[in-house]
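For reference, the chains in residue letters:
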Amino acid sequence: MTYATTVIIGAGQAGLAMSYELTTRGIDHVILERGLIANSWRKDRWDSLRLLTPNWQSRLPGGGYTGKDPHGFSGKGELVSRLAGYANTHRLPVKTGIEVRSVTPGPHGYRVHTQIGPFDCRNVVVASGACARPSIPALSLGLPHDLPTFTTFDYKRPSDLPEGGVLVVGGSASGLQLARELQSSGRQVILSAGEHVRVPRRYRGRDVAWWMDASGVMDVGYRDVDDLSRVRRTPSLQLAAGESTLDLNMIQSQGVQVVGRLSAVRDGEALFSGALRNHCDLADLKQTRLLDRFDAWADAQGLAGELPWPDRPAPTELPPVPRLSLKLSSGEIASVLWATGYRPDHGFLDLPVFDRRGQLVHDGGIVTGAPGLYAMGLPFMRRRKSTLVDGAAADAHDLANHMYAQLSCAAAA
Amino acid sequence: MTTAGAVPEMDRFETKGWPTRVVRSIARVLRLGTISLTSPISQTQKEKDMNVQSPLTADNGVNVDALLGARQAITDMPAAGQFTWRATCEWQTGVQSRSIVEGFFGLGEEQERGAAFMIDADHPAQFAAGNAGATPLEIALSALASCLTAGVASVAQNRGIQLHKVTAHVEGDMDLAGVLGADADVRNGFSDIRVTFDIDADASEADIAALVAQSQKRSAVFDVITNPTNVSVSVA
């Protein structure tokens, strides 16, 4: 039996940031990692993936970016090395190759069961990631069985797919990036897009990540929004690394055919929603509101003179009559790629901490009804940036303070 | 056509053994239209963000508090949100028919309106018909416009926007070759539907555009028309 005050599950940015914060507070702990440090970044993503945020924005507690290219966008490999280097520099207690099989109540609070035996602890921090599994809609079961399908987890590069057309389902960052990549590989792509969030990569000469960070949009707290469950479900921004905007206009100019949300598969046909125009209007309106907010902030800061005049993106263009159906056996497509989002995998928590939809119930990462159990890195967990590398520091700081206070209370009692 | 009468009495729900708070907040939804809105609607964070220039006391006759309460109640007790809507359609003569809508199922039990509503459908003289009512297609277009308009009013109320006049013009294109079986490649239904709103409200153009966009996002009939629905038709 091994004991630690706190067990952190997962050595990605969230687990490592938490470990740093616990170290500075003298809370003894261990990080259990099923693979290697930054495992999901190593294994579960496609080859060409680069971070959506510039290097300067990958700020972990006690260590920001110190390389030569602060405005560049790291590939997977660079991020993996940076996270591994961070763990090493700060001597964070990572145990790799340890798979957590379950977490149950234990004599000191919790017992974490692994293939090398149990760890007993007072606190558990679940930092296994918001994107641990691809999220695939149930209607996928209605696809013809001989039609090859891929997810953003098993797709690595265009040559993984058969020659021929591809239906990419999903209008967020992953879907648009992969639609662009597959169209460039010579495959005709049909992209099915539902509700989406559109932003220009650069605005008034600055990267959108700078705007969101500087104007405070990223720091909006989970108690400061009207409808938390809605913002937690909001799809990721249509963004790609680099200088250029990735939106529906851009991929259509490359030849991608855009259709509405995939709403049913019936009689061998994929049926798309007729609400595409509305979904694009909503995205255009939200983009305008965000840019208005940036402008208002810049004016208030007296920055208007330093920044070029606003250059507003054109509204989303669509074909006059977007198609509503696709015969799946006609040969027009040879594969389907699901880019329909991600979800966390908390199945190892053998504790009554889930709602009826199976989602972890928590108040800003403090799990409800399970004292000493914390989460990290979930969508809008404590603030808008909670899932970003850059969001780990503030959340870890808050939750480590909470944990420290709880431990002090218990010690005083 | 008659108007909506009495709404169900509260204690009828309470006998079902549900938490009173849940029942009360859902039941308030049924009283929409009979409630006079006196309490000012507070401005939400979203509107503050959007800099909506509108009075806090906008009154479009929509009880948003009740709707938001019902949403929370249904979140707490999902079964209460399961509704079944019905109509009974009676053939009259020729291609004329009359539909009656009366009761519905919801909040866990059968509900009565205390009134019946009648919808007459027919086809125009140009189709050698009696012209005793709108065509079913026009009723479908009206249903879409009514649903979106209800959405505009509700969203406006929630955002503190006072409406003065809202008019929706709806058009649907169809090729008769479909329903007449003259061309197998032409579908029976609409090839395109256009809705144009004329809105006079105390709000900016952008806020009005946002109202209209949001009303589509939350419209049941918009969803029914834009997405496929399983339909089974049988003989009793």
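See the structure shown above.
Since the model is a prediction, treat every value here as computed from it, not as a measurement.

Conventions used here
Residues numbered from 1 in each chain as written. Chains lettered and ligands numbered in written order. Predicted model: local features only at pLDDT ≥ 70, side-chain atom pairs only at ≥ 80, totals over all residues. Helix = DSSP H or I, 4+ residues; strand = E, 2+ residues; numbered from the N terminus. Buried ≥ 20, exposed ≤ 12 C-beta atoms within 10 Å, placed from the backbone. Contact = placed C-beta atoms within 7 Å. Rg over C-alpha atoms; globule rule 2.2 N^0.38 Å. Nonpolar A, V, L, I, M, F, W, Y, C, P; charged D, E, K, R; others polar. Pairing = 2+ DSSP bridges. Axes fitted to C-alpha atoms, helices over the stretch in contact; angles between N-to-C directions. Core = buried A, V, L, I, M, F, W, Y, C linked by C-beta atoms within 7 Å. Expected span 1.5 Å × (residues − 1). Parallel < 35°, antiparallel > 145°, perpendicular 65-115°, else oblique. Left-handed = near helix turned anticlockwise from the far one by under 90°.

What follows deals with the overall build of chain B. Helices and strands together make up the secondary structure of chain B, namely eight helices and seven strands. Within chain B, the proportion of its 236 residues that are buried is 21%. Across chain B, the fraction of contacts at a sequence separation of at least 24, relative to all contacts at a separation of at least 6, is 59%.

It is worth spelling out the overall build of chain A at this point. Assigned secondary structure in chain A consists of nine helices and 23 strands. Radius of gyration (C-alpha) of chain A: 22 Å, near the 22 Å computed for a compact globule of 413 residues. In terms of principal-axis extent, the alpha carbons of chain A reach across some 70 × 60 × 40 Å. With 413 residues in all, chain A has 44% of them scored as buried. Here the contacts in chain A between residues at least 6 apart in sequence split such that 69% fall between residues at least 24 apart.

Moving on, we get to the interface of chain B and chain A. The interface of chain B with chain A comprises 17 residues on the first partner and 18 residues on the second. Elements represented by at least two residues in the side of chain B that touches chain A include exactly helix H3 (45-50), helix H7 (205-217) and helix H8 (220-226) of chain B. No other element matches the six residues that H7(B) contributes to the side of chain B that touches chain A. Residue classes in the side of chain B that touches chain A are distributed as eight nonpolar, five polar and four charged.

Residues and elements named next belong to chain B. Pairing is antiparallel in the open sheet, where three strands are placed in the order E1-E2-E5. Each having just a single partner strand, strand E1 (88-93) and strand E5 (117-121) make up the two edges of the open sheet. The sheet shows a mean angle of 20° between the axes of neighbouring strands, direction not considered.

Ranked by size, the top nonpolar core spans 130 residues in total, and within it A:Val7, A:Met18, A:Val124, A:Val168 and A:Met376 carry the most contacts. Counting residues per element, this core draws most heavily on helix H8 (residues 276-300) of chain A, at nine residues. For A:Met18, the contacting residues outside a window of four places in its chain are A:Ile8, A:Val125, A:Ala127, A:Met376, A:Ala396, A:Leu399 and A:Ala400. In terms of nonpolar packing, the next biggest core, distinct from the first, is built from five residues, B:Ala66, B:Ala70, B:Ala73 and B:Ala80 among them.

Below, the discussion takes up the pairing of strand E5 (residues 109-114) of chain A. Residues and elements named next belong to chain A. Where strand E4 (residues 100-106) lies against E5, six bridges are found, and the strand directions are antiparallel. Paired with Val103 across the bridge in E5 is Val112. Between the end of E4 and the start of E5, which pair antiparallel, lie two residues. If you look at the hairpin formed by E5 and strand E6 (residues 117-126), you'll find two residues sitting between the two strands.

Okay, helix H5 (residues 136-158) of chain B next. All names here are of chain B. The end-to-end C-alpha distance of H5, which contains 23 residues, comes to 33 Å, matching closely the 33 Å that a straight helix rising 1.5 Å per residue would cover. Taken as a whole, H5 has its buried residues at Leu141, Leu144, Cys147, Leu148, Gly151, Val152, Ser154, Val155, Ala156, Gln157 and Asn158. Buried positions along H5 lie against helix H4 (64-76), strand E6 (163-173), strand E7 (192-201), H7 and H8. Positive backbone phi, approximately 70°, marks Gly160, located one or two places after H5.

Residue and element names in this part refer to chain A. Read across the sheet, five strands follow the order E8-E19-E9-E10-E15 without closing on themselves; strand pairing throughout is parallel. Whereas interior strands pair on both sides, the edge strands pair on one side only; in this sheet they are strand E8 (149-151) and strand E15 (257-259). Looking at each pair of strands side by side, their axes are set apart by 20° on average, direction ignored.

Residue and element names in this part refer to chain B. Tracing the backbone through its elements, the reader meets Ser99 in strand E2 (residues 96-101). Along the sequence, Ser99 and Ala87 sit 12 residues apart, while their C-alpha atoms lie 6.2 Å from each other. When sequence neighbours within four positions are dropped, the list of residues in contact with Ser99 reads Ala87, Thr88, Cys89 and Ile119.

Another point: the environment of A:Thr5. Residues and elements named next belong to chain A. If you trace the backbone, Thr5 turns up in strand E1 (residues 2-9). Overall, the presence of 18 C-beta atoms within 10 Å leaves Thr5 in the partly exposed class. Taking the C-alpha atoms as reference points, Thr5 and Ser273, 268 residues apart in sequence, are found 52 Å from one another. When neighbours within four sequence positions are excluded, Thr5 is seen to be in contact with Ile27, Asp28, His29, Cys121, Arg122 and Asn123.

Residues and elements named next belong to chain A. Contact geometry for helix H1 (residues 13-24) and helix H9 (residues 392-412): axes closest at 9 Å, N-to-C directions at 45°. With respect to their mutual orientation, H1 and H9 come out oblique. At the point where H1 passes H9, the crossing takes the right-handed sense. Residues Gln13, Ala14, Ala17, Met18, Glu21 and Leu22 of H1 touch H9, and the partners they reach there are Ala392, Ala393, Ala396, His397, Leu399 and Ala400. Per-class residue counts for the contact of H1 with H9 are nine nonpolar, two polar and one charged.

What follows is about unusual backbone geometry. Phi at A:Asp267 takes a positive value of approximately 50°, unusual for a residue other than glycine. Mapping A:Asp267 onto the fold places it in the loop between strand E16 (262-266) and strand E17 (269-272). By C-beta crowding, A:Asp267 is classed as exposed, having 10 other C-beta atoms within 10 Å. One non-glycine residue, B:Asn131, adopts positive backbone phi at about 60°. Tracing the chain through its elements places B:Asn131 in the loop between E5 and H5. Its 13 C-beta neighbours within 10 Å are what place B:Asn131 among the partly exposed residues.

The next point concerns H8(A). Helix length check: H8(A), at 25 residues, gives a terminal C-alpha distance of 36 Å against a target of 36 Å (1.5 Å per residue), a fit within 8%. Phi turns positive, to about 70°, at A:Gly302, one or two residues after H8(A).

Let us now look at the packing of H8(A) against H7(B). In contact at an axis separation of 10 Å, H8(A) and H7(B) are set at 140° when each is read in the N-to-C sense. Comparing their axes, H7(B) and H8(A) come out oblique. Two packed elements cross with a definite hand, and for H8(A) against H7(B) that hand is left-handed. Contacts between H8(A) and H7(B) involve A:Asn278, A:Asp281, A:Leu282, A:Leu285 and A:Thr288 on the former and, on the latter, B:Ala206, B:Ala209, B:Ala210, B:Ala213, B:Gln216 and B:Lys217. For the contact of H8(A) with H7(B), the residue count by class is six nonpolar, three polar and two charged.

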